[in-house]
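# Report on the structure
Spelled out, the chains give:
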Number of protein chains: 2
Amino acid sequence: MSLRYAILGVLDAQPMTGYELGGFFETSANWVWSAKLSQIYPLLNTMAAEGVVDSEDEVHGRRRSTRYSITDKGRAELVDWVGSSHSLPGMRDPMLIQALYMDLLDPEQVDRVLGEYLEVMRRRVADLREHQRALVEGETDLIRARLALRPARDHARMLMMKSMVFAGLIRQCEASMAWAEDFLMASRLGGCAIGVESTPQDM
Amino acid sequence: MSLRYAILGVLDAQPMTGYELGGFFETSANWVWSAKLSQIYPLLNTMAAEGVVDSEDEVHGRRRSTRYSITDKGRAELVDWVGSSHSLPGMRDPMLIQALYMDLLDPEQVDRVLGEYLEVMRRRVADLREHQRALVEGETDLIRARLALRPARDHARMLMMKSMVFAGLIRQCEASMAWAEDFLMASRLGGCAIGVESTPQDM
DNA sequence: TCTCGCATGTAAACCGTTACATGATTAG
DNA sequence: CTAATCATGTAACGGTTTACATGCGAGA
């Protein structure tokens, strides 16, 4: 249900075609939410039918494309959604299940799996920072479009919020990395529960 | 695809009926993975057909139940899965999308939404710790069954790993809470990007 | 000509949740 | 007797991914 609002939020800055939204959800927005074109196109059609977006056909020679823009109804729905609380989906990290049963493995295998996990996360954090830096320098079209729609006194607050989301993502990754490092360390020390305050549970 | 291995991991400690597994995934295991009976029953049937679990019918008076146990094939598949790397699913936290567009809200609304989020997370951490403490005292059937299958010298390592998973969950929650508090603070300060190292990006 | 990027979709499969259906046993 | 718990499922729906299908336009 969140893709709907992610899309509305993007269209609130700038009208876009489905294809453009698709590219967007494969690159920048990919960090927050991901979606394929095959999901985006039908969703845009339903949303147009519901009247939360307007569709306008464009013709370039023999080629056509449909540009979607947010309607007042759509904007109202977005504001309403952003302003209300939503139940958080339960933790669904496969790595946790793996970790739970890693006593089935040789210490070397644990080393390898956790090591690869750490490397992936390190790359992820690097990508996040790199992406952030690139944007700080490049000042994307979208954020400029967004700022242009609002008075200058709002700009600091808007930029702060967008950047905090990135900071949050980085924090999440770092928490996972710190955990993985502790796990690795504890595993290498042969299982004596060093660094762990309290001990067992089920599963 | 992970539920399959979560189930195999539980059955590796102890044979169980679908109903027992269901209760399990609603309480203890709920922190790591959740599943409803309506998903568990059909999955157990497919897994039995594939030969990764054995099913044995039990009759108590006029009542029947099917108890599933892991097979050698199932154990091999579990060990194989635990010992290999799996692509992590992208971040899918609705709160991130909300945060991204919170410049659409009054500061009071931001306060309310983030406040409720923080309260939910606080309760979650409390539940996690409470659950952990309860188990430290209670020493569940399942962990005892699991330890009984393995030599005493492995016990410390096994307990360490189970407990590290809980520690990881708590860490994740705490990272989210720290982020939400920063976000709240920054929002209250009216948007001047205090406490945020680097600034803007797209979306 | 052929490939790549633009542009739009459909179909099938998969995972998960909600709702519904059924019936036996046990505790109050 | 009634409600809760044990026990097993099916059906429908929603969200997501993968694979497939189609066609235009620009540049090598």
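Described in the following lines is the structure provided in the data block. (Residues numbered from 1 in each chain as written. Chains lettered and ligands numbered in written order. Predicted model: local features only at pLDDT ≥ 70, side-chain atom pairs only at ≥ 80, totals over all residues. Heavy atoms only, no water.)

### Description of the relation of the copies chain A and chain B
At an RMSD of 0.1 Å, chain A and chain B line up after a rotation of 180° and a shift of 0.0 Å along the axis. The two molecules are tied by a two-fold rotation axis, judged by turn and shift. Most of the interface of chain A is mirrored in chain B: 100% of its interface residues are interface residues there too. (Least-squares fit on C-alpha atoms with pLDDT ≥ 70 in both. Contact = heavy atoms within 4.5 Å.)

### What about the pattern of salt bridges?
What the rule picks out here adds up to 35 salt bridges over all chains. A salt bridge links Asp-103 of chain A to Lys-162 of chain B; its shortest N-O distance comes to 3.0 Å. Of this pair, Asp-103 of chain A sits in the loop between helix 5 (94-100) and helix 6 (107-138) while Lys-162 of chain B sits in helix 8 (residues 152-188), placing the two residues on different chains. According to the relative accessible area criterion, Asp-103 of chain A is buried, its value standing at 5%. Using a relative accessible area of 0% as the deciding quantity, one classes Lys-162 of chain B as buried. Notably, a salt bridge pairs Glu-130 of chain B with Arg-133 of chain B, separated by 2.9 Å at the nearest N-O pair. Of this pair, Glu-130 of chain B and Arg-133 of chain B both sit in helix 6 (residues 107-138), three residues apart, roughly one helical turn. Residue class for Glu-130 of chain B comes out partly exposed when judged on its relative accessible area of 40%. What emerges from the salt-bridge pattern is a single network uniting Asp-103 of chain A together with Arg-150, Arg-153, Asp-154 and Lys-162 of chain B. (Salt bridge = Lys/Arg side-chain N within 4 Å of Asp/Glu carboxyl O. Helix = DSSP H or I, 4+ residues; strand = E, 2+ residues; numbered from the N terminus. Buried < 20%, exposed > 50% of the residue type's maximum accessible area, 1.4 Å probe, protein only.)

### Remarks on the protein's contact with DNA strand D
In the vicinity of DNA strand D, 20 residues are found, and the nearest of them are Ser-38, Gln-39 and Arg-62 of chain A together with Tyr-19 and Thr-66 of chain B. The sugar-phosphate portion of DNA strand D accounts for 72% of its atoms within 4 Å of the protein, the bases making up the rest. Arg-64 of chain B places a polar side-chain atom, nitrogen or oxygen, 3.0 Å from a sugar or linking oxygen of DNA strand D. Here Arg-92 of chain B contributes a side-chain N or O atom positioned 3.4 Å from a phosphate oxygen of DNA strand D. Looking at which element gives the most residues to the surface near DNA strand D, the answer is strand 3 (residues 63-70) of chain B, with four residues. (Near = heavy atom within 4 Å. Polar contact = N/O pair within 3.5 Å; in protein donor to acceptor, adjacent residues only side chain to side chain.)

### So, the packing of helix 1 (residues 2-13) of chain A against helix 2 (residues 18-26) of chain A
Residue and element names in this part refer to chain A. Remark: helix 1 packs on helix 2, axes separated minimally by 12 Å, with the N-to-C direction vectors making an angle of 110°. Of the possible angle classes, the one that applies to helix 1 and helix 2 is roughly perpendicular. In the packing of helix 1 onto helix 2, the handedness of the crossing is right-handed. For the pair helix 1 and helix 2, contact is made by Leu-3, Ala-6, Ile-7, Val-10 and Leu-11 and by Leu-21, Phe-24 and Phe-25, respectively. Residue composition of the contact of helix 1 with helix 2, grouped by class: eight nonpolar, no polar and no charged. (Axes fitted to C-alpha atoms, helices over the stretch in contact; angles between N-to-C directions. Parallel < 35°, antiparallel > 145°, perpendicular 65-115°, else oblique. Left-handed = near helix turned anticlockwise from the far one by under 90°. Nonpolar A, V, L, I, M, F, W, Y, C, P; charged D, E, K, R; others polar.)

### Overview of the interface of chain A and chain B
Counting residues at the interface gives 92 residues for chain A, matched by 92 residues for chain B. Each partner contributes to the roughly 9100 Å² buried at the junction of chain A and chain B, and carbon and sulfur atoms together form 64% of this total. If you look at where chain A meets chain B, you find six salt bridges. The tally of links between chain A and chain B comes to 28 residue pairs in polar contact (both at pLDDT 80 or more). Elements with a minimum of two residues in the side of chain A that touches chain B: helix 1, helix 4 (72-82), helix 5, helix 6, helix 7 (141-148) and helix 8 (152-188) of chain A. Top element by residues in the side of chain A that touches chain B is helix 8 of chain A. It accounts for 24 residues. Among the residues forming the side of chain A that touches chain B, the class breakdown is 53 nonpolar, 23 polar and 16 charged. (Buried area = accessible area lost by both parts, 1.4 Å probe.)

### As for the sheet that holds strand 3 of chain B
Residues and elements named next belong to chain B. Spatially, the three strands line up as an open sheet ordered 1-3-2, and their pairing is antiparallel. Since the sheet does not close on itself, it has two edges, and those belong to strand 1 (16-17) and strand 2 (53-60), each with one partner. Alignment of strand 2 against strand 3, held across eight bridges, turns out to be antiparallel. Residue pairing for strand 3: Val-53 is matched across the bridge by Ile-70. Together, strand 1, strand 2 and strand 3 form the strand contacts of helix 1 (residues 2-13), whose direction differs from that of strand 3 by roughly 95°. (Pairing = 2+ DSSP bridges.)

### Observations concerning the sheet that holds strand 2 (residues 53-60) of chain A
Taken together, three strands build an open sheet; the order of strands is 1-3-2 (chain A) and the sheet is antiparallel. Since the sheet does not close on itself, it has two edges, and those belong to strand 1 (16-17) and strand 2 of chain A, each with one partner.

### Some points on the packing of aromatic side chains
Residue and element names in this part refer to chain A. Counted by the stated rule, this structure contains six aromatic pairs over all chains. Centroid distance Tyr-5 to Trp-81: 4.5 Å. Interplanar angle 5°. Geometry classified as stacked. Of this pair, Tyr-5 sits in helix 1 while Trp-81 sits in helix 4, placing them 76 residues apart in sequence. For the residue pair Tyr-5 and Trp-81, the accessibility class agrees, reading buried in each case. (Phe/Tyr/Trp six-rings, centres within 6.5 Å; stacked < 30°, edge-to-face > 60°.)

### Topic: the packing of helix 2 of chain A against helix 3 (residues 37-50) of chain A
Residue and element names in this part refer to chain A. The N-to-C vectors of helix 2 and helix 3 enclose an angle of 135°; their axes lie 9 Å apart at closest approach. Taken together, the axes of helix 2 and helix 3 are oblique relative to one another. Crossing geometry of helix 2 relative to helix 3 is assigned as right-handed. Across from Gly-18, Tyr-19, Leu-21, Gly-22 and Phe-25 in helix 2, the residues of helix 3 making contact are Leu-37, Ile-40, Tyr-41 and Leu-44. The residue inventory of the contact of helix 2 with helix 3, partitioned by class, reads seven nonpolar, two polar and no charged.

### Topic: the environment of Pro-15 of chain B
Residues and elements named next belong to chain B. Counting through the fold element by element, Pro-15 comes out in the loop between helix 1 and strand 1. The partly exposed category is assigned to Pro-15, whose relative accessible area is 40%. With 56 residues separating them along the chain, Pro-15 and Thr-71 place their C-alpha atoms 10 Å apart. Dropping the residues within four chain positions of it, Pro-15 is found in contact with Glu-20, Arg-67, Tyr-68 and Ser-69.

Treat this as a map of the structure, not an account of what it does.
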